[in-house]
Structures are given as structure tokens and as C-alpha cells.
Amino acid sequence: MLKLQGVSAGYGGTEIIRNVSLEVNKGEVVTIVGANGAGKTTTLRTICGIVKPKSGSIEFEGRRVDGLRSDEIVAAGITMVPEGRQLFPHLSVRDNLLMGSYQRSARAMANQRMDEVLQIFPRVKERIEQMAGSLSGGEQQMVAIARGLMSNPALLMFDEPSLGLSPVLMSQVFDVIDQIVALGRTVLIVEQNIVHTLKIADRGYVLENGEITMSGTGQELLENPHIKKAYLGI
């Protein structure tokens, strides 16, 4: 479904990721793990078109997308739930969700998508008329995920979904991701919480200093001695 081949990208003259190659197949949960500053977020932003690759190619469902604008990439079926949620705090939860269906192709189905999304997120339904900024951190994260689903993406990408959440709320977020996968969505996750992520991932890639250094199934990476020593302190 998604294929990056030899992608390098960065900001200005600074190269953040180098020669990154990875694949995400339909129906999979794939994760990119690594330390803070390794280039994980830059990888997602490059896929989304926010950062333009300096070299390499990005294909989605057999089509080159690395030359498209961000809105065109969303229309093609890729949506990202950004780090830090990035809601509109002075708008209602309802209006924040509708912002996720701004694409012309999604607008006609916005009400139907809203009903479907609120079935997955009953707490969001309870808060639908509240200002987004009045919600707890966990509730805001649920709204951000729900907003991402409003565009009916084929591939949903998460950038640090557990950032700033308590262990209980973190578990709830990963439970929701499990539900989304059960509905047939394909998921790509960037996350520092390696144990939680690798447990739910079909496959994972390790990104270190801007380069992919290792890949394997989630279980293989959890059992890898380098992963245990470098990231789990074992």
C-alpha cells in the first residue's frame, strides 16, 4: 500500500532522514520506533507532503505521491493524527471533527462519518458540544483520532499518540487503535513507548540518527538484544 524507497529529507540544508526505505501493507499495523530526535516525525511529515523529499520516492497504492500537495495526499487516502493533538480549542468538539472532512470528497459523507466515528468514541459523543480546549488530555487525544477518521482514510498515521498521557489513558488510546485496525484500517505509528507499540504492531522499523537500522515483526524487535539494551534498559 505505502512504499518509501531511498527517501532523504530535512529542513533547509539540514538532512534529518537519509535513504529511508519501508513498506506498509494493507491491513497492517506498522510502527517506526526510535529515540527522540531520530527522525520519526520528519518521516511522517515527508509522507504527508509537509516536508518535501530531497531524494527517493514515495508510492501509495501504486501511485507516486511525493510530488503532491498535502491536501492532495489527504484526498489520496492518507491522514495523520499529529503529535500534540493540535485541536482548535475555542471550537466545539463537533466543529473540530468537521474540520477533518474538509476535503470535497469527504464533505458529502460528513454526517454519516460523524455517526460512525461517534460509535467508536462514546466519550467524544458525550462532549460533542463542548469547547475542545475544555476537555482533558485523554479526551482531546480521542477527538484528534476521531477527526483523523472523518476523512475516511485508507492509511491512518499516528505521531506519538501517547505523548503526555497517564499509563491508564495510554492504554485506552492503544485500545482505540486496536478497534480502528479491527475495522479494516491500515495504521502507521510513530511512538517512543516501544513496548506498547511493538506489542500491537505486525512489523516495525527502528530509526536511529535518521537511518533505518533494523526491521522485523513486533515480537522479533521486542526480543532483540539491542532493542532491550538501548530502549528498554534490560
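Thresholds, definitions, all that
Residues numbered from 1 in each chain as written. Predicted model: local features only at pLDDT ≥ 70, side-chain atom pairs only at ≥ 80, totals over all residues. Heavy atoms only, no water. Helix = DSSP H or I, 4+ residues; strand = E, 2+ residues; numbered from the N terminus. Buried < 20%, exposed > 50% of the residue type's maximum accessible area, 1.4 Å probe, protein only. 1 Å grid on protein atoms, 1.4 Å probe; cavity = no way out; pocket = protein on both sides within 12 Å on 5 of 7 lines; lining within 4 Å. Points joined across faces, edges and corners; volume = space filled by probe spheres on them. Nonpolar A, V, L, I, M, F, W, Y, C, P; charged D, E, K, R; others polar. Pairing = 2+ DSSP bridges.

Hey, could you run me through unusual backbone geometry in this one?
In terms of backbone geometry, most residues other than glycine have negative phi values and most peptide bonds are trans. Positive phi, normally seen in glycine, also occurs at N152, with a value near 55°. Looking at where N152 falls in the secondary structure, it is placed in the loop between α7 (137-149) and β7 (155-159). On the accessibility criterion, N152 (44% relative accessible area) is partly exposed.

Can you help me understand the layout of surface pockets in this one?
Using a probe with the size of a water molecule, rolled over the atoms, empty space left in the structure can be pinpointed. A volume near 560 Å³ is recorded for the largest pocket. Together, 23 residues line the largest pocket, and V74, T79, M80, P82 and R147 are the ones closest to its centre. Secondary structure elements with two or more residues in the lining of the largest pocket: α1 (40-48), α2 (70-76), β6 (78-81) and α7. Per-element tally for the lining of the largest pocket: the top contributor is β6, with 4 residues. Looking at the lining of the largest pocket residue by residue, the classes come out as 11 nonpolar, 7 polar and 5 charged. Taken as a whole, the second largest pocket holds about 250 Å³ of empty space. Lining of the second largest pocket is provided by 13 residues; of these, R123, G138, M142, Q172 and V176 occupy positions nearest its centre. Mapped by element, the contributors of at least two residues to the lining of the second largest pocket are α6 (122-126), α7 and α8 (167-182).

Would you explain the pairing of β6 in this entry?
Along β6, one buried face is formed by I78 and M80 and the opposite face, lined by T79 and V81, is buried too. In terms of strand pairing, β6 meets β7 through 4 bridges, oriented parallel. Paired with V81 across the two strands is F158, which belongs to β7.

Read these as spatial facts, not as claims about activity.
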